[in-house]
Amino acid sequence: MIRAFRAEMVKLLRRRVWLLTAAAVVVVAIGGTAIVLGGAEPAGPGASGQSLTLQDLANAGGGTEVFRRAASFAGFFTFVVFVAAIAVEFGRGTFRTMLLRQPARLRLMAGKMVAMLAYSAGVLAVTMVLTWIAARLFAPSQDIDTGAWMTMDGLAAGVADYAAVLFWITGYAMLGMMLGVLLRSVPIALGVGIAWAGPFEHLLQDAWDPASRFFPGLLLEAFVAGGTDDVEAMRAFVTIAVYVAIAAVVASLSLSRRDVTA
């Protein structure tokens, strides 16, 4: 597992990957912050219980709440990246080649996933810092008082928001990994993943109200938003944790029992 982890980190730390990651981080940090702050409105009778208000942003956790909301825009992209990253190993035959050096399939996959999640954790940390800075710079234009952001309560809220987004990333990663292992083809895996996480779940949500409490993509969206009118954040967290466990089991069984022929 350690060798697989190191090998995957070598791939992730290449210059090209770093440049693409940096571009994505800047877009999320600046663009996401502008969208979140621009969409915030004064609290009042017309505000939804789950909407973000200017008063909310003035609280101790307002700065990192911007990060949490901005990160939610990249959920679909995150899912697609993990699906493609796993499926491409089978499509190109590189997973079979790696098995010649590390025959233990589950250890190999575990090392790859831990490396990808570790890389994601570092990227999230940088994104949160840049988002907080961007929010601090943009806040005066919205008449948001940021004094409470630089307190111990603000730091505690930041840790909680970072942990929530990291769990959210892990949920997408495990579901994407399962899909990649099961389908083992980039076009097919991406087609199924995009269709399901994109329009399909939301169409079902429009046609069937309980869909928000059962489908993984909708639950992940609800969780990172801090809960919705249809499902509370804690319920979403528990249900996602169950889905993650199921995804790990299904992927492990498929990986250990199916031949790797490509």
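**Examining the overall build of the protein chain**
Point 1. Each helix and strand counted, the protein chain has eleven helices and zero strands in total.
Point 2. Tracing the protein chain from N to C terminus, the helices and strands come up as α-α-α-α-α-α-α-α-α-α-α.
Point 3. Its C-alpha atoms give the protein chain a radius of gyration of 20 Å, near enough to 18 Å, the size a compact globule of 262 residues would have.
Point 4. When the backbone C-alpha atoms are referred to their principal axes, the protein chain occupies close to 60 × 45 × 30 Å.
Point 5. For the protein chain, the proportion of its 262 residues judged to be buried stands at 44%.
Point 6. Relative to all contacts within the protein chain whose residues are 6 or more apart in sequence, the contacts with residues 24 or more apart total 73%.
Point 7. The averaged location of the 17 negative side-chain charges in the protein chain is 23 Å from the averaged location of its 20 positive side-chain charges.

**Quick notes on the layout of surface pockets**
A probe matching the size of a water molecule, rolled over the atoms, marks out where space remains unfilled.
Point 1. The space that makes up the largest pocket amounts to roughly 1300 Å³.
Point 2. Lining the largest pocket are 35 residues, with Leu12, Val17, Thr21, Phe77 and Val81 positioned closest to its centre.
Point 3. Mapped onto the lining of the largest pocket, the elements with two or more residues apiece are α1 (2–12), α2 (15–39), α4 (62–71), α5 (75–91), α7 (105–138) and α8 (152–183).
Point 4. Across the lining of the largest pocket, the residue classes tally to 24 nonpolar, five polar and six charged.

**Some remarks on unusual backbone geometry**
Point 1. The backbone phi angle of aspartate 143 is positive, close to 60°, even though this residue is not glycine.
Point 2. With a phi angle near 55°, arginine 184 is a residue other than glycine that sits in the positive phi range.
Point 3. Within the element layout of this structure, arginine 184 appears in the loop between α8 and α9 (186–207).

**Looking at the nonpolar core**
Point 1. Among the nonpolar cores identified, the biggest contains 55 residues, and Met109 and Trp168 are the most heavily contacted of them.
Point 2. When near neighbours in sequence (up to four residues on either side) are disregarded, tryptophan 168 contacts Ala71, Ser72, Ala74, Gly75, Leu220, Phe223 and Val224.
Point 3. Within the second largest apolar cluster, twelve residues are counted, among which are Leu54, Ala70, Ala135 and Trp149.

**What to know about the confidence of the model for the protein chain**
Point 1. Confidence along the protein chain averages 86 in pLDDT terms, with 96% of residues attaining 70 or more.
Point 2. Mean pLDDT per element in the protein chain: α9 is the minimum at 82, and helix α11 (residues 233–257) is the maximum at 92.

**Let's talk about the side chain of serine 254**
Point 1. Within the element layout of this structure, serine 254 appears in helix α11.
Point 2. On the accessibility criterion, serine 254 (8% relative accessible area) is buried.
Point 3. Excluding anything up to four places from it in sequence, serine 254 contacts Val181, Leu182 and Arg184.

**Digging into the pattern of salt bridges**
Point 1. Tallying each qualifying case throughout the model produces six salt bridges.
Point 2. Across the salt bridge formed by arginine 68 and aspartate 161, the nearest N and O atoms sit 3.2 Å from each other. A residue pair is termed long-range when its members are at least 10 positions apart, and arginine 68 in helix α4 and aspartate 161 in helix α8 qualify at 93 residues. Each member of the pair, arginine 68 as well as aspartate 161, is classed as buried.
Point 3. Sharing partners across several salt bridges, the network here consists of Glu8, Lys11, Glu89 and Lys112.

**Considerations on the environment of glutamate 232**
Point 1. Here glutamate 232 shows up in the loop between α10 (216–224) and α11.
Point 2. Expressed as a C-alpha distance, the spacing of glutamate 232 and alanine 222, which sit ten residues apart in the sequence, is 7.6 Å.

Here is what the cut-offs are and how they apply
Residues numbered from 1 in each chain as written. Predicted model: local features only at pLDDT ≥ 70, side-chain atom pairs only at ≥ 80, totals over all residues. Heavy atoms only, no water. Helix = DSSP H or I, 4+ residues; strand = E, 2+ residues; numbered from the N terminus. Rg over C-alpha atoms; globule rule 2.2 N^0.38 Å. Buried < 20%, exposed > 50% of the residue type's maximum accessible area, 1.4 Å probe, protein only. Contact = heavy atoms within 4.5 Å. Lys, Arg positive; Asp, Glu negative; His and termini not counted. Charge placed at Lys NZ, Arg CZ, Asp CG, Glu CD. 1 Å grid on protein atoms, 1.4 Å probe; cavity = no way out; pocket = protein on both sides within 12 Å on 5 of 7 lines; lining within 4 Å. Points joined across faces, edges and corners; volume = space filled by probe spheres on them. Nonpolar A, V, L, I, M, F, W, Y, C, P; charged D, E, K, R; others polar. Core = buried A, V, L, I, M, F, W, Y, C linked by side-chain atoms within 4.5 Å. pLDDT = per-residue confidence, 0-100. Salt bridge = Lys/Arg side-chain N within 4 Å of Asp/Glu carboxyl O.

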